[in-house]
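Take a look at the letters that make up each chain.
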Amino acid sequence: MALDIAPKRLPVPEQSAEERIKNFNDVVIGYSIEEAVAESARCLQCKNAPCIKGCPVSIDIPGFLKAIKEKDLEKSWDIISQYTNLPAVCGRVCPQEKQCEGVCTVGRIKGYEPVSIGKMERFIADWKAEHGSKVAPKVPEQTKGNVAVVGSGPSSLTVAGDLAKMGYKVTVYEALHAAGGVLMYGIPEFRLPKAIVRREIDNIKALGVKIETNVAVGRSVTIEELQSHFDAVYIATGAGTPHFMGVPGTSLNGVYSASEYLTRINLMHGYEFPKYDTPTKESEKVVVVGGGNVAMDAARSALRLGAKSVQVVYRRSLEELPARIEEYHHAVEEGVIFNWLTNPVEYVGSETGNIVGVKCIRMELGEPDASGRRRPQEIKGSEFTIEADTIIEAIGQGPNKVLLSAFQELKLNKKGYIDADPETGQADPEWVFAGGDIVTGAATVILAMGAGKKAAEAIDKYITEKKAAGK
Amino acid sequence: MYKIISKKLVVPKEFDVWVEAPRVARHVKPGQFVIIRTNPQGERVPLTVADYDREKGLIRMIFQTVGKTTAEFADMNVGDCLTDILGPLGTPSEIKNYGTVLMVGGGVGIAALFPIIRALKEAGNKVYTILGGRTKDLVIMKEECEKYSDELLITTDDGSAGKKGVVTDAMVELAERGVKIDQSWAIGPSIMMKFASLKAKELDIPMFVSLNPIMIDGTGMCGGCRVTIHDQIRFACVDGPEFDGWGVNWNEFMNRMRQYKDEEKMSLEKYKAEMGEE
Ligand SMILES: Cc1cc2nc3c(=O)[nH]c(=O)nc-3n(C[C@H](O)[C@H](O)[C@H](O)COP(=O)(O)OP(=O)(O)OC[C@H]3O[C@@H](n4cnc5c(N)ncnc54)[C@H](O)[C@@H]3O)c2cc1C
Ligand SMILES: Cc1cc2nc3c(=O)[nH]c(=O)nc-3n(C[C@H](O)[C@H](O)[C@H](O)COP(=O)(O)OP(=O)(O)OC[C@H]3O[C@@H](n4cnc5c(N)ncnc54)[C@H](O)[C@@H]3O)c2cc1C
Ligand code: SF4
Ligand code: SF4
Ligand code: FES
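Calculation rules
Residues numbered from 1 in each chain as written. Chains lettered and ligands numbered in written order. Predicted model: local features only at pLDDT ≥ 70, side-chain atom pairs only at ≥ 80, totals over all residues. Heavy atoms only, no water. Helix = DSSP H or I, 4+ residues; strand = E, 2+ residues; numbered from the N terminus. Buried < 20%, exposed > 50% of the residue type's maximum accessible area, 1.4 Å probe, protein only. Polar contact = N/O pair within 3.5 Å; in protein donor to acceptor, adjacent residues only side chain to side chain. Contact = heavy atoms within 4.5 Å. Near = heavy atom within 4 Å. Nonpolar A, V, L, I, M, F, W, Y, C, P; charged D, E, K, R; others polar. Buried area = accessible area lost by both parts, 1.4 Å probe. Salt bridge = Lys/Arg side-chain N within 4 Å of Asp/Glu carboxyl O. Areas by Shrake-Rupley, 256 points an atom, 1.4 Å probe, with all protein chains shown as cover. Domains from an automatic or database assignment. Arc of directions from axis to C-beta.

A. Spotlight on the side chain of T38(B). Residues and elements named next belong to chain B. The residue T38 is located in the loop between β3 (33-37) and β4 (45-48) in this model. Here T38 falls in the buried class, since its relative accessible area comes to 7%. Polar contacts involving the side chain of T38 include one to the side chain of E72, which spans 2.6 Å. If near-sequence neighbours (up to four positions away) are discounted, T38 is found in contact with T69, E72, F73, M76, L82 and T83.

Following this line, the structure appears as structure tokens:
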């Protein structure tokens, strides 16, 4: 097929690797208007638009791209904002290569790259914030009912924004001192600037949503209080409880979970110590265990904190790496060293209880396991030691427990997550809806948002019917 | 919000404050704590709720100044507001009628012990309390603890009040008098809790201790507060802070408390310089 469009996407300007490892600023600089207009012209405006189906919140992608091509950026924003309350976030952190861009028609043609959808979404959101018209949104009357939302991550923010638009009075409760969930405490500044998260949260507040921080539901507010004050409750408390491998030496000083490491840096601004009060340690030799986004974020953060060497140990190979490919490439460019098919067996400590090294073993891939991936097996006698003064484990997380332990009647599934209808988010008891990582286990921002979207509709239906029945 | 209603210096470097925190006051139980921040760039610091007034929506905290955050809290005045208070956090103490209980407190840990003493007394227990300190003036809340104890013993290192010696000496004394203890608690400096636990094990008395590792979120999300109890990793902020004292890996626990020593010192010095002190 001969097409009169450029086969390659327009490269997006980025900070150079040497420059960016010295700061925590956004790695990607983003398209200029001219570049965005040029890139949008690569969209074929497919009738069947597979990209829309690839997007968990079904953004009208050809629609917003066409508006960019026509240089009507305000209209492009209007289209996007019908579907998502967090476009600047999604445009930055969605695993686009597996979603909208993964099914883009252009990308399926040999020698062609898919349209740069994610980068265009972020372009519009950032443009709107800087240059767009600033008409305060109409705050709908809050007459349809009262909804409480537990947690303030992307799933909660989506449900809250959508319900507010429908005319509900929404109160979001967040345990930490800042709203945003993983967007604030987990994903680093250089991938997702916190000012942008705050900006998108302010947009949601402008719809009349009330956000109360320092409220741990189940402790500061009881489940009974929620039930008596609200018509329905949406729970999206996330999967943040870090797992540890449990190898000897796990409690040595200098061994962190990625959650702790990243929380110190992001939520507490440890990289600005002592201007901010929470310290981080200066490390020279850092070893990160794991291969997901969380591991990449920890490794790249360690470099920016001044570590001389950062090595990732991952028990499978590059092919199985769960991290976004863009993050992997960025990590390699920045100098992170990858040890494939390697697993730690022991953390070695000094007499004073500080970590000095990690004993690892080489692995080989055997038969596929339940997840379909080939299972890594230890190669006997292949142990070796990597010197390290900091170890960061990023091997996965479990459900957050504060709420679950206070809510015994809530039905959970076998893995300990909330048992909720995948279509509506409705849980048992029926006045409870749930979504995001606390239902699926650690997943993605956009899936958490998708769950929030569906739940908002289901909650609206539930409350409307309940009120009609006079209950 | 979180306004300081009263503030008192109890002994050098220890302050007794009442602060507005209605949600905490409404729900807090003995053994639970809050996390506070003193400024918008501040560290999250855990403090035990030493008392509460549910009607007025107030909580009481008794704290010792050790580093930057507690120094800054100490410099705040009645009418000032804390930036954040989150709570109540942690699993409450197991309050029931055990029969006879022994309550061992030291230093600022006495503040955390007090509401547990009161609740156990109200639950019908016979209560023996041992309070220890280096010297007379450092043993706080004597009258309050005495009010809810059947017998109060005091030990000081220098003999300026009660018996000269340490709290474990008083534990032995009670045992020698034939007092049979069904359950005990020890809250105070790590080193005191360690030796009290060892002694309790020797005397075959079950003992809870309240561990105070370095915390960040306080909601089970970072794992920084992990402690090893009977060879298992537990998170003090959600699984604790109270644990079976017999099972604590004390060396590991005390070592982890030293993790940020240099950074903490730097932070305190910077604060003092800014405040024009020393
Ligand atoms: C380091 C890291 C990097 C990631 N990178 C990516 C990425 O690049 N792309 C991507 O798509 N996804 C990424 N993810 C995953 C993504 O962030 C999550 O899937 C998503 O944030 C889940 O959203 P959520 O709304 O379910 O909950 P969370 O974002 O987990 O938010 C839950 C919130 O609930 C609060 N809470 C918990 N219990 C209570 C309670 N009892 N009362 C009140 N509040 C409570 C928590 O404090 C938290 O703020 C990453 C995750 C991490 C940790
Ligand atoms: C559950 C719990 C309840 C507590 N209750 C009380 C209380 O009622 N009254 C009271 O005075 N103190 C209490 N503490 C200890 C108190 O949190 C620390 O003294 C405080 O965090 C020190 O902060 P800082 O900035 O002033 O000192 P920093 O400069 O941060 O630290 C100085 C020293 O204090 C220790 N420390 C640091 N952070 C902590 C921490 N999070 N927890 C314990 N020790 C720490 C370290 O050994 C450190 O070297 C409690 C701690 C926990 C975990
Ligand atoms: S939200 Fe994510 S999946 Fe949907 S269009 Fe944007 S980048 Fe693609
Ligand atoms: S699939 Fe690709 S080319 Fe087709 S409409 Fe979507 S973005 Fe445009
Ligand atoms: S303080 Fe973070 S898990 Fe306990």
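B. Here's a closer look at the site of ligand 3. Around ligand 3 sit C55(A), P56(A), I59(A), I61(A), C90(A), C94(A), Q96(A), Q99(A), C100(A), E121(A) and I446(A), and that is every residue in its neighbourhood. Looking at the shell around ligand 3 residue by residue, the classes come out as eight nonpolar, two polar and one charged.

C. Geometry of the interface of chain B and chain A. At the interface, 45 residues of chain B touch 44 residues of chain A. Note on chain B versus chain A: buried area summed over both sides is about 3,900 Å², and carbon and sulfur give 51% of it. For the interface between chain B and chain A, the tally reads four salt bridges. Measuring nitrogen to oxygen at the nearest pair gives 3.2 Å for the salt bridge that ties R26(B) to E225(A). For the pair chain B and chain A, the interface holds 24 residue pairs in polar contact (both at pLDDT 80 or more). Within the residue set of the side of chain B that touches chain A, elements represented by two or more residues are α1 (22-27), α2 (68-75), β7 (84-89), β14 (226-229), β15 (232-235), α8 (250-257) and α9 (261-275) of chain B. Tallying contributions element by element places β7(B) first for the side of chain B that touches chain A, with six residues.

D. Fine view of the site of ligand 1. All names here are of chain A. In the region of ligand 1, 36 residues are neighbours, and V93, E174, R191, V217 and D437 sit closest. Contact between ligand 1 and E174: an oxygen atom at 2.7 Å from a side-chain N or O atom of the residue. The fraction of the free accessible surface of ligand 1 (1,000 Å²) that becomes covered by protein chains is 96%. Ranked by the residues each element gives to the shell around ligand 1, the list is headed by helix α14 (residues 293-304), at three residues. A breakdown of the residues in the shell around ligand 1 according to their chemical character gives 20 nonpolar, 12 polar and four charged. Both domains that meet at the shell around ligand 1, namely domain 2 (146-240 + 399-468) and domain 3 (245-396), each give it at least three residues.

E. Quick look at helix α2 (residues 33-40) of chain A. Residue and element names in this part refer to chain A. Those residues of α2 that sit buried are A36, V37, E39 and S40. End-on view of α2: buried residues confined to an arc of 165 degrees, all on one side of the axis. Structurally, α2 contributes buried residues whose contacts are with α4 (61-69) and α8 (117-131).

F. Quick look at the pattern of salt bridges. Applying the stated criterion to the full structure yields 52 salt bridges over all chains. Note that K68(B) and D277(A) form a salt bridge whose closest N and O atoms lie 2.9 Å from each other. Taken together, the positions of K68(B) in helix α2 and D277(A) in the loop between α13 (258-265) and β7 (285-289) put the pair across two chains. D277(A) shares its class with K68(B); the two are buried. A network of salt bridges, in which partner residues are shared, links R20(A), E97(A), K119(A), R191(A), D297(A), R300(A), R304(A), R324(A), E326(A), E327(A), E333(A) and E334(A).

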